[in-house]
Amino acid sequence: KKYGTYDKFGVAVDRTGADNEIAGNYIYNVWNGVTTDDGVGKKDIAEHYRNQVFKGISEFNHGLKVHDNRIDLTMDDALEPGSDLVNNQWYGNVVTRARCATRFKTISRGPFFYYGNVLLDSSDGLRLYKTSPATANVYIFNNVVKFPTAVVYHNMDSVPWDDPWLKANLPKGTPEFWIYNNAFVCRVPFHNNISPGVPAVKPNYHGDFNLFTSPSDSELRAAGIGRHSLFDAQPIFVDPADGDFHIRSDS
């Protein structure tokens, strides 16, 4: 990261109290758009999970609402929810030209509701990043995502700070992520970004009733994901002045 314009956060939510609201902002030309944190560093991460996360204790950022923001041109993540997100709602945001439109960054606790967002024209779309515990109840629904891959697993074999105790005790993947009723303008419905020689973590989120412009995927079918989803839908892009967007399917 270089100092200057691209080393700044639009809004950083770090160990805040309850019921804060971030709404109606235009965030442009930054490193990260909106990000959350719990202030726990590398040397304290195992103790934090052992004595708080796995015991259901959550202290910060409760009831946070991030909605109706316009985020454009972020050199890293436009929306980066992570750590404790108890009763958070992130909705109605529009993202363009981001390195990653939304990265779910090692969420430790929910419920977290992410809905009604529009993610367009970014270098990465909807990224589930690193494994999250069963306490991370995340609900992703009613979003529009335009990216060649609908859902990306990224470094799911890893854990926060690559701590060895967490590596041994944290279940891999995103067992309590629920992805329903989204529209994905994509070429493939799922992809695993992994390092060479590292076994891929099988998708273990819950997902169904989504709409994809891509064909179906054997890996998702084997995992029981998307049994009632609609595939091979055809998008119709209309004049922006019309203010409308359609996806047509003959199925």
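About the cut-offs
Residues numbered from 1 in each chain as written. Predicted model: local features only at pLDDT ≥ 70, side-chain atom pairs only at ≥ 80, totals over all residues. Heavy atoms only, no water. Phe/Tyr/Trp six-rings, centres within 6.5 Å; stacked < 30°, edge-to-face > 60°. Helix = DSSP H or I, 4+ residues; strand = E, 2+ residues; numbered from the N terminus. Buried < 20%, exposed > 50% of the residue type's maximum accessible area, 1.4 Å probe, protein only. Pairing = 2+ DSSP bridges.

**Student:** Any details on the packing of aromatic side chains? Residues and values, ideally.
**Tutor:** If you walk through the whole model with that rule in mind, you get 18 aromatic pairs. Taken together, a centroid distance of 5.9 Å and an interplanar angle of 45° make the contact between Phe-54 and Trp-165 tilted. Taken together, the positions of Phe-54 in the loop between helix 1 (45–51) and strand 5 (65–67) and Trp-165 in helix 2 (residues 164–169) put the pair 111 residues apart, joining distant regions of the chain. Aromatic side chains Phe-104 and Tyr-114 sit 5.1 Å apart centroid to centroid with 75° between the ring planes, which places their arrangement in the edge-to-face category. Within this pair, whereas Phe-104 is found in strand 9 (residues 94–109), its partner Tyr-114 is found in strand 10 (residues 112–115), the two being separated by 10 residues in sequence. Owing to a relative accessible area of 1%, Phe-104 belongs among the buried residues under this scheme.

**Student:** Can you lay out the pairing of strand 6 (residues 70–80) for me, pointing to particular residues and giving the numbers?
**Tutor:** The buried count for strand 6 comes to 9 of 11 residues, which makes it a mostly enclosed element. Inspection of the sheet shows strand 3 (residues 26–30) paired to strand 6 by 4 bridges, in the parallel sense. Counted as the bridge partner of Val-30 is Thr-74 from strand 6. Here 2 bridges tie strand 4 (residues 32–37) to strand 6, and the two strands are oriented parallel to one another. Within strand 6, the position partnered with Val-34 by the bridge is Leu-79. The sheet contact formed by strand 6 and strand 9 spans 6 bridges and is parallel. Its bridge partner being in strand 9, Asp-72 is matched across the sheet by Thr-96.

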